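What follows is the residue order along each chain.
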Amino acid sequence: MALERPGSVYKQPAKLRWGELDDDDGEGLEFLLPPRQVIGPDANGIKKVIEYKFNEDGNKVKVTTTTRVRKLAKARFSKRAMERRGWAKFGDAVHEDVGARLTMVSTEEILLERPRAPGSKGEEKTTGDPLQLGKGAVLMVCRTCGKKGDHWTSRCPYKDLAPSPDSLMDKPPGSDQVVQSGSIKGAYVPPSMRAGAERPAGSDMRRRNEENSVRVTNLSEDTREPDLLELFRTFGPVSRVYVAIDQKTGVSRGFGFVNFVNKDDAERAIIKLNGYGYDNLILRAEWATPRTN
Amino acid sequence: MRPILMKGHERPLTFLKYNKDGDLLFSCAKDHTPTVWFADNGERLGTYRGHNGAVWCCDISRDSSRLITGSADQSAMLWDVKSGKQLFTFNFDSPARSVDFSVGEKMAVITTDPFMGLTSAIHIKDIAANPADQVAESKLVIKGPQGRINRAVWGPLNKTIISAGEDAVVRIWDAETGQLLLENDKEVGHKKPITSLAKSTDGSHFLTGSLDKSAKLWDIRSLTLIKTYVTERPVNAVAMSPLLNHVVLGGGQDASAVTTTDHRAGKFEAKFYDKILQEEIGGVKGHFGPINALAFNPDGRSFSSGGEDGYVRLHHFDPDYFKIPSI
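With an unreviewed UniProt entry as reference, chain B is termed Eukaryotic translation initiation factor 3 subunit I, source organism Artemisia annua. A UniProt comment under Subcellular location (unreviewed entry) is attached to chain B, and it reads "Cytoplasm". Quoted verbatim from the Subunit (unreviewed entry) field of the UniProt record, the comment on chain B reads "Component of the eukaryotic translation initiation factor 3 (eIF-3) complex."

The name an unreviewed UniProt entry gives chain A is Eukaryotic translation initiation factor 3 subunit G, with Artemisia annua as the organism.

Pasting the structure below:
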């Protein structure tokens, strides 16, 4: 500090106590040195800085640094533009109130919103699932567990575990058509009575959609089903993802459902994702309760 | 980026234009006073008082000394940029819609709307170097197209005039004789009125925006269609980056329908497209109404948009913008 103010440098030694100096091991002796000198910059832009310091052996060393200073041209504006800067205001701008605040910097940070977020390319994130093989054909999508490029729906390792999202998927095509035609007529056939219903009833009392189903609320409007799948598949195979979309506006209504193949996974997902911050919103994840009606 | 908001106009913006050096930004609105701003910090430099109707369009001479404006008060005016003084007034019998200086500023093209039984017309005026010698007579008047001509600009070497308007056809006229030289191919052309037209910096091609929710890039000499950019909303304004291969489209739903829906559903965004790949790069939100005007700074590092909401938003790009990969 003292080096900056040459005037004070020479006054200080009078107050100096040598005993105190020894404590800092010579480091504080710098104010004993001649002040820093700056010469120039001259017409050629040469600037000389002379500094003094102690070297390791405690000897005084003079350091002269010669630098060349170049004035950077104002690249941004042409001469005429600089002249225009100085123009007097005219018209309504002459009597502008200070409080008018015609020009304001937005308080909001506006970004160039990319249609694809730069970070979310494809499915490269590993879900930690051993079944995930390399990157295969993207067209191959399993409808049971939602995996892409790994296996077809019929070969899904979770086929037996999964309450198939489409109730007719595993059944022979013949029975399929029977039910279809039945439903067209409009007569209701309970699932247990339908042709091809081989499951024992009882366990199937609840609607299939609500099995291991997690309700996610407080989703942001931009969240789509793939985003939700991306978020939830880390916990285990997912059989169905649904985001409620307003039919009129096409905007998400802010909630959705995720069905897990395994109940444990669903439970873990609820524990982890309830209160999780996603897209600036705090998610709520809970068991989906069957509707009363 | 944090845009600079300029609230100098009390009515919807209609047109924005930078001067050649990119340090001044001129804005026209449906209020009667075109305004000039410093393009770096958005400070208002002055206003041009004198029009008595909505101002639809303006153009600035290359040396930034003259301004020409076209207004719904059935006149086009020449102004001294520095002092805001009126130099000359061209009077018409119908609203002036579009103005454009020729290269060299020896001529100007002014279009007038169909009004009270008159058809739309393209007027070519001689512009005198000294405003005292200025004459009001048109050098040439071109009539023909049905409906309003929303924009007319000079072609290469001031030999042609390119016009586009409500009949959705882009036409090239001979600037000497007034003959129709070319009309765009109906098959590939716009299907609805063309609202805006912007030339590239080198003048080799131009971009038109239309209410048919698309913008098209045309060759300025042969009038062949080069590219089409498809969007979700009617396009009111277009601009081309002088620096990168980007085009910007502005628009949004019709102003009359704005109050019926959520502002997010209106899509009042300036949409960036890759000029070559025709793919969307991104959108810049912010306006509360449709975007009526867009302009790129000639250095390509900032752009401004003017909306139905009366605001001009001046955006200086973040460094990230220049890293967007392109071919």
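That covers the picture; the talk isn't over yet.
Overview of the nonpolar core
Counting residues in each nonpolar core, the largest one holds 32 residues, and the members touching the most others are Phe26, Tyr48, Leu67, Ile68, Phe90 and Ile110 of chain B. Elements supplying a minimum of two residues to this core: β3 (24–29), β4 (35–38), β6 (55–60), β7 (66–71), β8 (75–80), β9 (86–91), β10 (96–101) and β11 (107–112) of chain B. Residue contributions to this core peak at 5 residues, all from β6 of chain B. With near-sequence residues (within four places) excluded, Ile68 of chain B lies in contact with Cys57, Cys58, Asp59, Met77, Leu78, Phe90, Val99, Phe101, Ala108 and Ile110 of chain B. Judged by nonpolar contacts, the second largest core, of 20 residues, contains Leu219, Val243, Val258 and Leu283 of chain A.

Topic: empty space enclosed by the protein
Residues and elements named next belong to chain B. Enumeration according to the criterion identifies 5 cavities of 30 Å³ or more in this entry. Volume-wise, the largest cavity comes out at about 70 Å³. Forming the boundary of the largest cavity are Thr231, Glu232, Arg233, Pro234, Val235, Leu249, Gly250, Gly251, Gly252, Lys267, Glu269 and Lys271. Looking at side-chain class alone, the lining of the largest cavity contains 3 nonpolar, 4 polar and 5 charged residues.

Focus: the interface of chain A and chain B
Put simply, an interface is often sized by how much accessible area is lost when its parts join up. Across the boundary between the two partners, chain A contributes 30 residues, which contact 47 residues of chain B. Of the roughly 3500 Å² buried between chain A and chain B, counting both surfaces, carbon and sulfur atoms make up 51%. The largest contributions to the chain A side of the interface with chain B come from Trp87, Phe90 and Leu112 of chain A, which together make up 21% of the buried area. Joining chain A to chain B, the criterion identifies 7 salt bridges. Between chain A and chain B we count 21 residue pairs in polar contact (both at pLDDT 80 or more) in total. Top contributing element to the side of chain A that touches chain B by residue count: helix α4 (residues 79–85) of chain A, with 4 residues.

Quick word on the state of the cysteines
Residues and elements named next belong to chain B. Considering all chains together, one arrives at 0 disulfides over all chains under this definition. Free of any disulfide, Cys57 has its nearest neighbouring cysteine sulfur in Cys58, separated by 6.1 Å. For the unlinked cysteine Cys58, the closest cysteine sulfur is that of Cys28, found at 3.5 Å. For Cys58, a relative accessible area of 1% puts it in the buried group.

Quick word on the sheet that holds strand β2 (residues 46–54) of chain A
Adjacent strands of a sheet pair through backbone hydrogen bonds, lying either parallel or antiparallel. Residues and elements named next belong to chain A. Strands sit in the order β1-β2-β3 across an open sheet of 3 strands; the sheet is antiparallel. One side of each edge strand has no neighbouring strand; the edge strands of this open sheet are β1 (37–39) and β3 (60–68). Strand-to-strand, the axes of this sheet are offset by a mean angle of 15°, without reference to chain direction. Where β1 lies against β2, 3 bridges are found, and the strand directions are antiparallel. Residue Ile39 lies in a different strand from β2, and its bridge partner there is Lys48.

Each value, and the rule that gives it
Residues numbered from 1 in each chain as written. Chains lettered and ligands numbered in written order. Predicted model: local features only at pLDDT ≥ 70, side-chain atom pairs only at ≥ 80, totals over all residues. Heavy atoms only, no water. UniProt positions renumbered as here; feature names shortened; annotations may be inferred. Core = buried A, V, L, I, M, F, W, Y, C linked by side-chain atoms within 4.5 Å. Buried < 20%, exposed > 50% of the residue type's maximum accessible area, 1.4 Å probe, protein only. Helix = DSSP H or I, 4+ residues; strand = E, 2+ residues; numbered from the N terminus. Contact = heavy atoms within 4.5 Å. 1 Å grid on protein atoms, 1.4 Å probe; cavity = no way out; pocket = protein on both sides within 12 Å on 5 of 7 lines; lining within 4 Å. Points joined across faces, edges and corners; volume = space filled by probe spheres on them. Nonpolar A, V, L, I, M, F, W, Y, C, P; charged D, E, K, R; others polar. Buried area = accessible area lost by both parts, 1.4 Å probe. Salt bridge = Lys/Arg side-chain N within 4 Å of Asp/Glu carboxyl O. Polar contact = N/O pair within 3.5 Å; in protein donor to acceptor, adjacent residues only side chain to side chain. Disulfide = S-S within 2.5 Å. Pairing = 2+ DSSP bridges. Axes fitted to C-alpha atoms, helices over the stretch in contact; angles between N-to-C directions.

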